[in-house]
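So the chains spell out like this:
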2 protein chains.
Amino acid sequence: MGQAEQDREQGSAFLPKFDAAGLVTAVVTDQASGAVLMVAHMNQEAIDATIATGQATFWSRSRGQLWRKGETSGHVLNVVEIRVDCDQDALWIIADPAGPACHTGESSCFYRTLENGRLVRR
Amino acid sequence: MGQAEQDREQGSAFLPKFDAAGLVTAVVTDQASGAVLMVAHMNQEAIDATIATGQATFWSRSRGQLWRKGETSGHVLNVVEIRVDCDQDALWIIADPAGPACHTGESSCFYRTLENGRLVRR
């Protein structure tokens with residue numbers, strides 16, 4: 001492991017490791033229930049906006065623009081804590097959701113479980 | 001939204017939506033603590049192996065090969081439940097870890113929190 005990787009894993013400097021598209025993966029969980037609410041992506045601008053506003057903001061790959069979750073629905077994700085993984089290519093956002101996290105109206109995007117090869121609603 | 005996307009969101013068919021590299025994002029949480037342990041990627045082969053063996057298996061992008069977590073350390077992730085998100089491009093694996101999930105020896109890869117621009121160990 002090179003020095004840069006070692007610093008990234010063990011140091012106190014926040015050095016997100018963006019992929020070729022300039023993104024890191026962001027996993028959001030509900031502080032109260034512990035459930036994984038959604039998985040999305042952030043670029044540097046989205047990270048900065050999330051920190052500045054205290055509301056989870058992502059980079060929409062499909063729309064090619066910054067996307068503050070809940071900007072139209074009001075179902076924002078109020079950030080409680082931001083954690084980063086060992087190699088800093090993923091963030092774990094612990095949040096207090098103002099409403100359903102999924103655009104389908106489900107509290108979490110992960111509303112189905114795989115059982116015997118089929119998806120079953122929880 | 002097209003019919004295919006609608007079926008993918010509302011149906012009971014497991015139809016992972018792989019990215020250009022043939023991967024979906026997999027988030028692993030600890031059944032007991034609820035903590036996010038790690039984020040990695042799976043291709044179809046990794047998904048099949050995970051289901052067949054009951055132990056989380058990923059596609060290592062850096063090594064370009066299938067990687068059963070814990071295959072050398074013994075710290076396997078015993079799968080309790082597999083959930084899938086609305087558009088089926090992410091999986092949430094609820095697991096019972098046999099040991100520390102992170103190669104650093106930490107129970108979770110997310111062992112640091114962002115505080116005032118710096119990373120602090122939890």
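Placed above this text is the structure.
All figures in this text were calculated on a predicted structure; none of them were measured in a lab. (Residues numbered from 1 in each chain as written. Chains lettered and ligands numbered in written order. Predicted model: local features only at pLDDT ≥ 70, side-chain atom pairs only at ≥ 80, totals over all residues. Heavy atoms only, no water.)

Caption draft 1: Molecular detail of the side chain of T29 of chain A. Inspection of the secondary structure assignment puts T29 of chain A in strand β1 (residues 24-30). Within the local environment of T29 of chain A, its side chain forms a polar contact with the side chain of W92 of chain A, the two groups lying 2.8 Å apart. Ignoring any residue separated from it by four or fewer positions in sequence, one finds T29 of chain A in contact with G34, A35, V36, L37, W92, I93, I94 and A95 of chain A together with V36 of chain B. (Helix = DSSP H or I, 4+ residues; strand = E, 2+ residues; numbered from the N terminus. Polar contact = N/O pair within 3.5 Å; in protein donor to acceptor, adjacent residues only side chain to side chain. Contact = heavy atoms within 4.5 Å.)

Caption draft 2: Looking closely at the layout of surface pockets. Approximately 150 Å³ is the volume attributed to the second largest pocket. Every residue lining the second largest pocket is listed: T113, L114, N116 and G117 of chain A together with T50, I51, G54, V79, V80, E81 and I82 of chain B. Mapped onto the lining of the second largest pocket, the elements with two or more residues apiece are β7 (112-115) of chain A together with α2 (44-53) and β5 (77-84) of chain B. Ranked by residues supplied to the lining of the second largest pocket, first place goes to β5 of chain B with 4 residues. (1 Å grid on protein atoms, 1.4 Å probe; cavity = no way out; pocket = protein on both sides within 12 Å on 5 of 7 lines; lining within 4 Å. Points joined across faces, edges and corners; volume = space filled by probe spheres on them.)

Caption draft 3: A look at the pairing of β7 of chain A. As paired strands, β7 of chain A and β5 of chain B are joined by 2 bridges and run antiparallel to one another. Note on β5 of chain B: the bridge partner recorded for R112 of chain A is V84 of chain B. Across 4 bridges, the pairing between β7 of chain A and strand β8 (residues 118-121) of chain A is antiparallel. Bridge assignment links R112 of chain A to a residue of β8 of chain A, and that residue is R121 of chain A. From the end of β7 of chain A to the start of β8 of chain A, which pair antiparallel, there are 2 residues, and N116 of chain A there has a positive phi angle of about 50 degrees. (Pairing = 2+ DSSP bridges.)

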